[in-house]
Amino acid sequence: MNGQVEKKRQLIDDGLRSIWFPFTQMQEFSPEDVLVIAEGKGALLRDVDGRDYIDGVSSLWTNVHGHRKEQIDRAIKEQVDRVAHSTLLGLAHEPAIECAKKLLEIVPKGLTRVFYSESGSTAVEIALKMAFQYQKQAAGGNPGKTRFISFTNAYHGDTLGAVSVGGIDLFHAVYGELLFPTIKAESPYCYRCPFGASYPVCKFDCLRQLEYLLATHASELAALIIEPLVQGAAGILVQPPGYLKRIRELCTQYGVLMIADEVAVGFGKTGKMFACEQEGVTPDIMALGKGLSGGYLPLAATVATEEIYNGFLGRFDEFKTFFHGHTYTGNPLACAAAVANLNIFAEERVVEGLAGKIKRLTQGLQPIAKLGHVGEIRQRGFMVGIELVADKGTKELYPPGARIGNRVILEARKRGLIIRPLGDVIVLMPPLCITNEEIDRLCEITLESIQAVVGD
Ligand SMILES: *Cc1c(COP(=O)(O)O)cnc(C)c1O
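Residues numbered from 1 in each chain as written. Predicted model: local features only at pLDDT ≥ 70, side-chain atom pairs only at ≥ 80, totals over all residues. Heavy atoms only, no water.

S.K.: Hey, could you run me through the overall build of the protein chain in this one?
M.R.: Looking only at helices and strands, the protein chain features 14 helices and 17 strands. Projected onto the principal axes, the alpha-carbon positions of the protein chain cover approximately 70 × 60 × 45 Å. Within the protein chain, counting contacts between residues at least 6 apart in sequence, those at least 24 apart form 70% of the total. Accessible surface computed for the protein chain: about 20,800 Å², of which carbon and sulfur atoms make up 55%. Between the averaged position of the 48 positive side-chain charges in the protein chain and that of its 53 negative side-chain charges there is a distance of 2 Å. (Helix = DSSP H or I, 4+ residues; strand = E, 2+ residues; numbered from the N terminus. Contact = heavy atoms within 4.5 Å. Areas by Shrake-Rupley, 256 points an atom, 1.4 Å probe, with all protein chains shown as cover. Lys, Arg positive; Asp, Glu negative; His and termini not counted. Charge placed at Lys NZ, Arg CZ, Asp CG, Glu CD.)

Spelled out as structure tokens, the structure:
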């Protein structure tokens, strides 16, 4: 390294100590190990030392059409030349109007109103508050419907309402006393079936338990909240076919609103624009985030049916208003990026082109499935979870302190791939723009990296 490069790296290492990183044990943190990203192009990221990496988790599940996508770059630059921010509280602007209109053209039929915010967590908070208040104000009155049913292994964000409906103890248990209690249904984690079904022989006990809970608590339930098709943060837990459709039927049958948290699965990640489409489901409320702006800027939306929306109408002094709104709600730059993102989906027929790539990914995963410590590979579209186990026969886990998942992703990094584990589940979730050659490379590096840590 020449002196200048060394000096720059020294400045960066010093600077890194001023950040408290998310989801990071800072005691084990060393600045030298941090990859500092300088730029990106397509499915690749480049660090400050000029090394290229495949962005194997689409910059935390956000990126869609690639980094520095020309149309999105241009849309943001043009919007900067008009106005960077103005509020939606009492005013409006064209990017928010256009984005809402375009969004309603593609979301499941029956969803008619867009409420903006900035993160997946806020989109979920809004969905919960909407459902709760809707029930309070319902014609005829459902004042007792104040509770929520949610799932084990669920992840809906890190704010307190979202944590209350979460089900990942590692992240959520410590806040127990702060949370509102919810009714928890077992999620279908089929590889480790909570009802002890000898996989894959399934008796649908999870659905039966859910129906029992709905039947027992219907009069006190405002809504059910679910990550449709795939529970992401729990380790890409894929729901069996027909499961989501059945959830919709049960919610309707028992008069419980259905909230679909599509923050992770939306915008093509499962192979269709939205996961709900895969089973012909329209939720009452849908939360969107991550890919909405193409992975460019913080933007989220909570989309509701006309029925929900109507529940908030009345004279001002009836106080049925939805008293909620964040300062940067519907930011013009973020909405301009989202409009460009949605235009690209249409112009480049992105969803139509996914099937081939998904097949390529499935093929690339096959050699990995054969490895001695790969318990299960779960895939739905572009979402992949590779569960590593100490013993394939007994499905025994590695001790958490061994940090097997983390070691695998560090090996991947040496080979030019950025991925991030969820415990000992290796997650792959490339941007939709990834090429077939890059998919092959992604799978090869993942295979080699797992072998390097746990052998064949
Ligand atoms: C990431 C995620 C969230 C939270 O989104 P943030 O933008 O991180 O607040 C909510 N729900 C699901 C399903 C997610 O994957």
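Having put the structure on the table, let's press on.
S.K.: Teacher, can you tell me more about the nonpolar core here?
M.R.: Soluble globular proteins tend to bury their nonpolar side chains together. Counting 98 residues, the largest nonpolar core has Leu224, Ile247 and Ile386 as the members making the most contacts within it. Per-element tally for this core: the top contributor is helix α11 (residues 332-347), with ten residues. When residues of this core are sorted by domain, at least three fall in each of domain 1 (35-64 + 352-454) and domain 2 (73-347). Sequence-distant contacts of Ile386, defined by excluding residues within four places in its chain, comprise Leu365, Ile368, Val374, Glu376, Ile377, Asp424, Val425, Ile426, Leu428, Thr446 and Ile450. Ile126, Ala131, Ile259 and Ala287 belong to the second-largest nonpolar core, a separate cluster that totals 24 residues. (Core = buried A, V, L, I, M, F, W, Y, C linked by side-chain atoms within 4.5 Å. Buried < 20%, exposed > 50% of the residue type's maximum accessible area, 1.4 Å probe, protein only. Domains from an automatic or database assignment.)

S.K.: Would you explain the layout of surface pockets in this entry?
M.R.: Rolled over the atoms, a probe as big as a water molecule pinpoints where empty space is left. Taken as a whole, the second largest pocket spans an internal volume of roughly 670 Å³. At the level of secondary structure, the elements contributing two or more residues to the lining of the second largest pocket comprise α4 (94-106), β4 (111-117) and α10 (306-310). Take the lining of the second largest pocket: its biggest share by element is five residues, from β4. Counted by class, the lining of the second largest pocket contains 16 nonpolar, five polar and one charged residues. (1 Å grid on protein atoms, 1.4 Å probe; cavity = no way out; pocket = protein on both sides within 12 Å on 5 of 7 lines; lining within 4 Å. Points joined across faces, edges and corners; volume = space filled by probe spheres on them. Nonpolar A, V, L, I, M, F, W, Y, C, P; charged D, E, K, R; others polar.)

S.K.: So what exactly am I meant to see when it comes to the domain arrangement of the protein chain here?
M.R.: Frequently, the measure chosen for interface size is the accessible area removed from exposure when the parts meet. Its domain assignment divides the protein chain into domain 1 (35-64 + 352-454) and domain 2 (73-347). Here domain 1 and domain 2 have C-alpha centroids that lie 27 Å from each other. Opposite the 27 residues of domain 1 that make contact, domain 2 presents 26 residues. It is Trp61, Arg380 and Met383 in domain 1 that bury the most area against domain 2; as a group they hold 30% of the surface buried on that side. Summed over the shared surface of domain 1 and domain 2, the result is one salt bridge. Among the salt bridges present, the one from Glu387 reaches Arg192, with a minimum N-O distance of 2.7 Å. Across the domain 1-domain 2 interface, the total number found is eleven residue pairs in polar contact (both at pLDDT 80 or more). Put simply, the parts of the chain that give the side of domain 1 that touches domain 2 at least two residues each are α2 (58-61), α12 (354-369), β13 (374-380), β14 (383-388) and β17 (425-428). The biggest single contributor to the side of domain 1 that touches domain 2 is β13, with five residues. (Buried area = accessible area lost by both parts, 1.4 Å probe. Salt bridge = Lys/Arg side-chain N within 4 Å of Asp/Glu carboxyl O. Polar contact = N/O pair within 3.5 Å; in protein donor to acceptor, adjacent residues only side chain to side chain.)

S.K.: Help me out: how do you make sense of the environment of Thr270 in this one?
M.R.: When you line up the elements, Thr270 lands in the loop between β10 (257-261) and β11 (285-288). C-alpha separation for the pair Thr270 and Met383, spaced 113 residues apart in sequence, amounts to 6.7 Å. Residue contacts for Thr270: discarding those within four places in its chain leaves Leu229, Val265, Ala275, Gln278, Arg380, Gly381 and Met383.

S.K.: Before we go on, may I ask you to explain the packing of aromatic side chains in this structure?
M.R.: The relation between two aromatic rings is expressed through the spacing of the ring centres and the mutual angle of the planes. Inspection of every chain in the model, using the stated rule, returns nine aromatic pairs. Summarising the aromatic geometry, the rings of Phe148 and Phe180 are spaced 6.0 Å apart at their centres and angled 45° between planes, so their arrangement reads as tilted. With Phe148 in strand β5 (residues 147-151) and Phe180 in the loop between α7 (169-172) and β6 (183-185), the pair connects residues that are 32 residues apart, well separated along the chain. A relative accessible area of 33% means that Phe180 is categorised as partly exposed. On the numbers, 5.5 Å between centres and 75° between planes, the contact of Phe312 with Phe322 is edge-to-face. Taken together, the positions of Phe312 in the loop between α10 and α11 and Phe322 in the loop between α10 and α11 put the pair ten residues apart, joining distant regions of the chain. With respect to class, Phe312 is no different from Phe322; both count as buried. (Phe/Tyr/Trp six-rings, centres within 6.5 Å; stacked < 30°, edge-to-face > 60°.)

S.K.: What's the story with the site of the ligand in this structure? I'm lost.
M.R.: Every residue close to the ligand is listed here: Trp61, Ser119, Gly120, Ser121, Tyr155, His156, Gly157, Glu227, Asp261, Val263, Ala264 and Lys290. The contact in question runs from a nitrogen atom of the ligand to an N or O atom on the side chain of Asp261, over 2.6 Å. In the complex, the protein chains occlude 82% of the 380 Å² of accessible area that the ligand would expose alone. Per-class residue counts for the shell around the ligand are four nonpolar, five polar and three charged. (Near = heavy atom within 4 Å.)

S.K.: Just to check I follow, could you spell out the packing of helix α13 (residues 404-414) against helix α14 (residues 436-454) for this structure?
M.R.: When two helices pack together, their arrangement is given by the angle between the helix axes and by the axis-to-axis distance. Contact pair α13 / α14: the axes reach a minimum separation of 8 Å and the direction vectors enclose 130°. Compared by their axis directions, α13 and α14 come out oblique. In this structure, α13 crosses over α14, and the sense of that crossing is right-handed. From α13, Ile404, Arg407, Val408, Glu411 and Ala412 reach across to α14, where they touch Ile445, Ser449, Ile450, Ala452, Val453 and Val454. A class-by-class count of the residues in the contact of α13 with α14 yields eight nonpolar, one polar and two charged. (Axes fitted to C-alpha atoms, helices over the stretch in contact; angles between N-to-C directions. Parallel < 35°, antiparallel > 145°, perpendicular 65-115°, else oblique. Left-handed = near helix turned anticlockwise from the far one by under 90°.)

S.K.: So what exactly am I meant to see when it comes to the sheet that holds β14 here?
M.R.: Two strands in a sheet stick together by hydrogen bonds in their backbones, pointing the same way (parallel) or opposite ways (antiparallel). With antiparallel pairing, the four strands of this open sheet are ordered in space as β13-β14-β17-β16. Each having just a single partner strand, β13 and β16 (420-422) make up the two edges of the open sheet. Across this sheet, the average inter-strand angle for adjacent strands is 25°, counted without regard to direction. Note: β16 against β17, three bridges, orientation antiparallel. By the bridge assignment, Pro421 is partnered in β17 with Ile426. Most of the contacts of α12 go to β13, to which it runs at about 175°, and overall it touches β13, β14 and β17. Contacting β14, β16 and β17, α13 runs over the sheet at an angle of about 165° to β16. (Pairing = 2+ DSSP bridges.)

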